[in-house]
Amino acid sequence: MYDYDLLVVGSANADLVIGVERRPGAGETVLGSDLAVHPGGKGANQAVAAARLGARTALLARVGDDANGRLLLDSQRAAGVDTVGVLVGGAPTGVALITVDPSGDNSIVVSPGANGRLTPEDVRAAACLFQTSRVVSTQLEIPLETVVAVAACLSPDSRFVLNPSPPRPLPAVLLAACDPLIVNEHEAKVILGDAEAGDRPEDWARVLLAKGPKSVVVTLGAEGALVASAEGVVRVPSVEVTAVDTTGAGDSFTAALAWKLGAGASLAEAAAYAARVGAVAVTRRGAQESFPTAEEVASLGPAGRGESLCGAVPGDAAPNGGSATGRTPSRKDEPGSGAGEPQRGESL
């Protein structure tokens, strides 16, 4: 019945990355490494991450008719993503300006470019993709009205996954389609608004559920993640690895979770697998190039000890002076969503 395990609708950016000893303050100039250009964007990242894991994946996005657009199309095809839904033209390809410090923390500024021209009409014109996709995943680096159109175009049997990053208040019709809504602490608080939700993630999840989503996933950094639905609330433990670069890891988490849900896994099972995928990703530099295959995820081992992947067991010093930390990847790790890797005890 389904041609695709996952349809990703979202942004495609060229990531311009510079390594720095520290991020500059206001009015300050610092020297950095040579500029590196990588394919990125939350939508493109999720599509590549899912395809690397073996999911039959399609991407609906817009890029410019320029060198960055060609870079993005090439990277999607190389990963095995079907690019029939990628539209070309209308504006330059989106760009993310990323600085990464020695601990792996990143700071990001995004110029949306063509991503801002992906319209509801583009979504409706791609109805055949929605009818043949088991799961549809999207984010908020494209216009909100386009995301609402995605929810309206879903096949009756499709599942809708939304990571609201960068966060903003969401209309009830969009929240009602989410299964799950995936948020970190910051995103949860933006969506909750003035609602009294208490101090515990369990409380946030319950109040978020009351706003309409069928299920909710809250990522919690070193404390793992929390999944919530009508069946109850379950904690999912983190996976300990040595973090090198967190860029893109949150997108790999979302992609893996969406794919596993479509394959029939429970929400808790899918989140546990997604945590393992994200854990592998943070042990490598870059975004898409850091995404693992299913075999590499399996090699992480049942206890989540990634010695063969990152060259150190938890507790060892990370490269360039960083520290080992157990964490579920953060939406903060993605272009357009702010700071990089949180410290232990800080929410994702």
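Residues numbered from 1 in each chain as written. Predicted model: local features only at pLDDT ≥ 70, side-chain atom pairs only at ≥ 80, totals over all residues. Heavy atoms only, no water.

A. How the structure looks around the overall build of the protein. Scanning the protein for helices and strands turns up 12 helices and 15 strands. The burial tally for the protein puts 59% of its 348 residues in the buried class. Across the protein, every contact between residues at least 6 apart in sequence was considered, and the portion connecting residues at least 24 apart equals 68%. As presented, the protein carries roughly 12,800 Å² of accessible surface, and 53% of it is formed by carbon and sulfur atoms. (Helix = DSSP H or I, 4+ residues; strand = E, 2+ residues; numbered from the N terminus. Buried < 20%, exposed > 50% of the residue type's maximum accessible area, 1.4 Å probe, protein only. Contact = heavy atoms within 4.5 Å. Areas by Shrake-Rupley, 256 points an atom, 1.4 Å probe, with all protein chains shown as cover.)

B. Local environment of the pattern of salt bridges. This model, assessed by the stated rule, comprises 14 salt bridges. Across the pair glutamate 121 and arginine 124 runs a salt bridge whose closest N-O atoms are separated by 3.2 Å. Residue glutamate 121 and its partner arginine 124 are located together in helix α3 (residues 120–125), separated by 3 residues, close to a single helical turn. Under the relative-accessibility criterion, glutamate 121 is labelled partly exposed at 49%. With its nearest N and O atoms 3.4 Å apart, the salt bridge here joins arginine 200 to aspartate 203. On the basis of relative accessible area, aspartate 203 is assigned to the partly exposed category, the value being 23%. Among the ionic contacts, a cluster of salt bridges with common partners joins Arg200, Glu202, Asp203, Arg206 and Arg235. (Salt bridge = Lys/Arg side-chain N within 4 Å of Asp/Glu carboxyl O.)

C. The arrangement of the side chain of serine 165 in detail. Take serine 165: it is sitting in the loop between β9 (159–162) and α6 (172–177). Judged by relative accessible area, serine 165 falls into the buried class, the value being 0%. A distance of 3.5 Å separates polar atoms of two side chains, one belonging to serine 165 and the other to glutamate 187. (Polar contact = N/O pair within 3.5 Å; in protein donor to acceptor, adjacent residues only side chain to side chain.)

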